[in-house]
Amino acid sequence: MLSRATWSLVLRKGLGMRGMHSPGGNAQSEGKMPPYTSYHAQRSYPMPDEPFCTKLSAEQRALKEKEKGSWTELTHAEKVALYRLQFHETFAEMNRHSNEWKTVMGGVFFFFGVTALLIWWQRVYVFPEKPITLTDEWKAQQLQRILDMKGNPVQGLAAQWDYDKKEWKK
């Protein structure tokens, strides 16, 4: 039992592989497929463990060699290209507003609509008809009966009713 746990730990962690860890995973990305690199940059962690582009073309390698010299000799386009080799987005691009809120609100209103249709369907086909005691006619008769019986004449409805004029007191 102990040997199985040890063996699984060795397979999971690797033999003797140690590296710095970051929110994006471990620092080694050798052997990983291109979409599964350890590159991870966001506003709260702007300096990833590895550059955005790890496999450079001949033109990019030449630009990296030129980078080792004086930066005053570099053009603005070359500086931007070097930045893009190291980082995927600028802070302005990370902070720009997305249109995701439209999708979220569309989903919310869609489910509101489905819920409203479900409630309407239940009222029409599932729930029984309202009892007769909930009709306005029945409620008016019930109020008249309470007034005729002079129920609770000190503080209740009978106290608010003028029996001579047959209307509510003002």
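Here the structure is shown first, and the text comes after it.
Residues numbered from 1 in each chain as written. Predicted model: local features only at pLDDT ≥ 70, side-chain atom pairs only at ≥ 80, totals over all residues. Heavy atoms only, no water.

A. Representation of the overall build of the chain. Helices and strands together make up the secondary structure of the chain, namely seven helices and four strands. Taking all 170 residues of the chain together, the buried fraction comes to 11%. Summing over all exposed atoms, the chain offers an accessible surface of approximately 14,900 Å²; the carbon and sulfur share of this is 60%. (Helix = DSSP H or I, 4+ residues; strand = E, 2+ residues; numbered from the N terminus. Buried < 20%, exposed > 50% of the residue type's maximum accessible area, 1.4 Å probe, protein only. Areas by Shrake-Rupley, 256 points an atom, 1.4 Å probe, with all protein chains shown as cover.)

B. Quick look at helix α6 (residues 136-148). Over its 13 residues, α6 runs 18 Å from end to end, which matches the ideal 18 Å to within 8%, given 1.5 Å per residue. Just downstream of α6, K150 is the residue with a positive phi angle, here 55 degrees. (Expected span 1.5 Å × (residues − 1).)

C. Focus on the pattern of salt bridges. Enumeration over the complete set of coordinates arrives at four salt bridges. A salt bridge links E65 to K68; its shortest N-O distance comes to 3.3 Å. The same class applies to E65 and to K68, which are both exposed. Its salt-bridge partner being R84, residue E93 comes within 2.7 Å of it at the nearest N-O pair. (Salt bridge = Lys/Arg side-chain N within 4 Å of Asp/Glu carboxyl O.)

D. Geometry of the side chain of D162. Mapped onto the secondary structure, D162 falls in strand β3 (residues 161-162). Within the buried set, D162 has no salt-bridge partner at all; the shortest N-O distance to an opposite charge, 4.4 Å, is to K165. For D162, the contacting residues outside a window of four places in its chain are E167 and K169. (Lys, Arg positive; Asp, Glu negative; His and termini not counted. Contact = heavy atoms within 4.5 Å.)

E. Here's a closer look at the packing of aromatic side chains. Enumeration over the complete set of coordinates arrives at six aromatic pairs. Here F110 and F111 contribute two aromatic rings whose centre-to-centre distance is 5.3 Å and whose plane-to-plane angle is 75 degrees, an arrangement assigned as edge-to-face. Residue classification places F110 among the exposed residues on the basis of a relative accessible area of 52%. Through a chain of ring-to-ring contacts, three or more aromatic side chains come together here, namely W120, W121 and Y125. (Phe/Tyr/Trp six-rings, centres within 6.5 Å; stacked < 30°, edge-to-face > 60°.)

F. Structural detail: a nonpolar patch on the surface. A cluster of nonpolar side chains, namely L117, L118, W120, W121, V124, Y125, V126 and F127, defines an oily patch on the protein surface of about 880 Å² accessible area. Residue class for L118 comes out partly exposed when judged on its relative accessible area of 44%. (Patch = residues over 30% accessible without salt bridge, like charges linked within 9 Å, V, L, I, M, F, W, Y side chains within 5 Å.)

G. Region of interest: the packing of helix α2 (residues 58-67) against helix α3 (residues 76-86). Axis separation between α2 and α3 bottoms out at 11 Å; the angle between their running directions is 110 degrees. Between α2 and α3, the interaxial angle falls into the category roughly perpendicular. In contact with Q60, L63, K64, K66 and E67 of α2, α3 contributes E78, A81, L82, L85 and Q86. A per-class count over the contact of α2 with α3 returns four nonpolar, two polar and four charged. (Axes fitted to C-alpha atoms, helices over the stretch in contact; angles between N-to-C directions. Parallel < 35°, antiparallel > 145°, perpendicular 65-115°, else oblique. Nonpolar A, V, L, I, M, F, W, Y, C, P; charged D, E, K, R; others polar.)

So far we have only geometry, and geometry alone does not tell us how the molecule works.
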